Amino acid sequence: MSPLKPLKIARCDNVAAMPNEGDPGACEFCGHGRVIRRTEEVAFYQWTGKGYVFCRAAIPMNICNRCGAKNWEPEAEKLIQKAVRREHDKLP
Ligand SMILES: [Zn+2]
């Protein structure tokens, strides 16, 4: 009998500290699904010093095909910040 494993919460900002061995395609949340890397377009409002800006960015995400858990990597965070800055710079 094996006890249930506690749920692990994946944190994007902690990727470097997480062991990254074994099957990289296995879902950390449900442990059964396959994680598929997919680029998704996200649209969002972001508050800046010039007010709210509307941004769009294509973000590479890791999505589980079983439980639907999504997470993105630090590089995606950078893409979002870049999109925000681009829109921010357009404002007078
Ligand atoms: Zn899953």
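Bear in mind the structure is a predicted one, so any value in this text is a computation, not a measurement.

1. Focus: the pairing of strand β1 (residues 35-48)
In terms of burial, β1 is a largely surface element, 1 of the 14 residues being buried. Across 14 bridges, the pairing between β1 and strand β2 (residues 51-64) is antiparallel. When the bridges of β2 are listed, E40 appears paired with I59. Connecting β1 to the next strand, β2, in antiparallel fashion are 2 residues.

2. Digging into the sheet that holds β2
Within the open sheet, the 3 strands sit side by side as β1-β2-β3. Their pairing is antiparallel. Among the strands making up the open sheet, the edge pair consists of β1 and β3 (70-72). Going across the sheet, the axis of each strand differs from the next one's by a mean of 40 degrees, ignoring polarity. Across the face of the sheet, helix α1 (residues 74-90) comes into contact with β1, β2 and β3 while running at roughly 160 degrees to β2.

3. Digging into the confidence of the model for the protein
Predicted confidence across the protein gives a mean pLDDT of 80, with 74% of residues reaching 70 or more. Confidence, expressed as mean pLDDT per element, reaches its minimum in the protein at β3 with 87 and its maximum at α1 with 93. Taken together, the stretch residues 6-22 has pLDDT below 50 and engages in 10 contacts with residues farther than four places along the chain or on a different chain.

4. Structural notes on the environment of F29
The residue F29 is located in the segment before β1 in this model. On a C-alpha basis, the gap between F29 and R66 in space is 9.9 Å, while along the polypeptide they are 37 residues apart. Discounting residues that sit within four places of it in the chain, F29 has contacts with C64, C67 and A69.

5. A closer look at the environment of P60
You can see P60 is positioned in strand β2. A tally of 13 C-beta atoms within 10 Å means that P60 is categorised as partly exposed. It is 6.3 Å that separates the C-alpha atoms of P60 and A76, two residues lying 16 residues apart in sequence. Once residues lying within four places of it in the same chain are set aside, the contact partners of P60 are R37, T39, W72 and A76.

6. Digging into the environment of V84
Along the chain, the position of V84 falls in helix α1. Residue class for V84 comes out partly exposed when judged on the 19 C-beta atoms lying within 10 Å of it. In this structure the C-alpha to C-alpha distance between V84 and Y45, which are 39 residues apart in sequence, comes to 8.9 Å. The residues touching V84, leaving out its near neighbours within four places in the chain, are Q46, T48, V53 and C55.

7. Some points on the pairing of β2
Looking at chain direction, β2 and β3 are connected through 3 bridges and run antiparallel. The residue bridging I63 from the neighbouring strand is K70, located in β3. Between β2 and β3, which follow one another and run antiparallel, lie 5 residues, and G68 among them has a positive phi close to 80 degrees.

About the criteria used
Numbering of residues starts from 1 in every chain and runs along the sequence as written. Totals for whole chains, interfaces and linings use all residues, but because this is a predicted model, local features are given only for residues with pLDDT of at least 70 and pairs of side-chain atoms are given and counted only at 80 or more. Residues with at least 20 neighbouring C-beta atoms inside 10 Å of their own are called buried, those with 12 or fewer are called exposed, and the rest are partly exposed, where every C-beta is derived from the backbone. Numbering goes from the N terminus for both helices and strands, where a helix is a DSSP run of H or I of at least four residues and a strand is a run of E of at least two. Between any two strands, at least two bridges found by DSSP are needed for them to pair. To get an axis, fit a line to the C-alpha atoms, keeping to the stretch in contact for a helix; angles then go from 0 to 180 degrees between the N-to-C directions. Placing C-beta atoms from the backbone, we regard two residues as in contact once those atoms come within 7 Å. As a per-residue measure, pLDDT reflects the predictor's confidence and takes values from 0 up to 100.

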